[in-house]
Amino acid sequence: MAYRRRNGHDTWHYCRNCTLWPTSDYKEQSTKPTTGELCNQCRSKDSAGTCTK
Ligand SMILES: [Zn+2]
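Residues numbered from 1 in each chain as written. Predicted model: local features only at pLDDT ≥ 70, side-chain atom pairs only at ≥ 80, totals over all residues. Heavy atoms only, no water.

**As for the packing of aromatic side chains**
Here's step 1: For the structure on display, the rule yields one aromatic pair.
Here's step 2: Pairing Tyr 3 with Tyr 14 gives two aromatic rings, centres 5.7 Å apart and planes at 55 degrees, and the pair type is tilted. Linking Tyr 3 in strand β1 (residues 3-6) with Tyr 14 in the loop between β2 (11-13) and β3 (26-29), this pair joins segments that are 11 residues apart in sequence. (Phe/Tyr/Trp six-rings, centres within 6.5 Å; stacked < 30°, edge-to-face > 60°. Helix = DSSP H or I, 4+ residues; strand = E, 2+ residues; numbered from the N terminus.)

**Quick word on the nonpolar core**
Here's step 1: Formed by Tyr 3, Trp 12, Tyr 14, Cys 15, Cys 18, Trp 21, Cys 39, Cys 42 and Cys 51, the largest nonpolar core amounts to nine residues.
Here's step 2: Excluding residues that lie within four positions of it along the chain, Trp 21 makes contacts with Ala 2, Arg 4, His 13, Tyr 14, Cys 15 and Arg 16. (Core = buried A, V, L, I, M, F, W, Y, C linked by side-chain atoms within 4.5 Å. Buried < 20%, exposed > 50% of the residue type's maximum accessible area, 1.4 Å probe, protein only. Contact = heavy atoms within 4.5 Å.)

**Let's talk about the coordination of the zinc ion**
Here's step 1: Every protein donor of the zinc ion is accounted for by His 13 (ND1), Cys 18 (SG), Cys 39 (SG) and Cys 42 (SG), and the metal-donor separations fall at 2.1 to 2.4 Å.
Here's step 2: Taken together, the four donor atoms coordinating the zinc ion and their angles of 96 to 121 degrees define a geometry best described as tetrahedral.
Here's step 3: Residue class for Cys 39 comes out buried when judged on its relative accessible area of 4%. (Donors = N, O, S within 2.8 Å, 3.2 Å for Na, K, Ca; no water. Tetrahedral: all angles 85-135°; square planar, octahedral: opposite > 155°, others 65-115°.)

**So, unusual backbone geometry**
Here's step 1: Of note, the phi angle at Asp 25 is positive, near 55 degrees, even though the residue is not glycine.
Here's step 2: Here Asp 25 is to be found in the loop between β2 and β3.

**As for the pairing of β1**
Within a regular strand, the side chains alternate between the two sheet faces.
Here's step 1: As defined by bridge partners, β1 adjoins β3 across four bridges and the pair is classed as antiparallel. Looking across to β3, one finds that Arg 5 is bridged to Lys 27.
Here's step 2: Of the pairings in the sheet, the one linking β1 to β2 comprises two bridges and is antiparallel in character. Directly across from Arg 5, in β2, lies its bridge partner Trp 12.
Here's step 3: The turn joining β1 and β2, which pair antiparallel and follow one another in sequence, is formed by four residues; a positive phi near 90 degrees is taken by Gly 8. (Pairing = 2+ DSSP bridges.)

**What about the sheet that holds strand β4 (residues 37-38)?**
Here's step 1: On the basis of which strands lie adjacent, the open sheet formed by four strands has the order β3-β1-β2-β4 and mixed pairing. Edge strands, defined here as strands with exactly one partner in the open sheet, are β3 and β4.

This is the structure we're talking about:
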């Protein structure tokens, strides 16, 4: 599972089907981020079971 954050932004995404999933100019890490925030859309997809990880 990967977390991505667009450079210059504090929001981390972890669903590849998130409409805001960064595809360029991003930072990626495999561990849960300890700084910034998790994307609300990713969180709602996760709880709805529609998050593609
Ligand atoms: Zn997201």
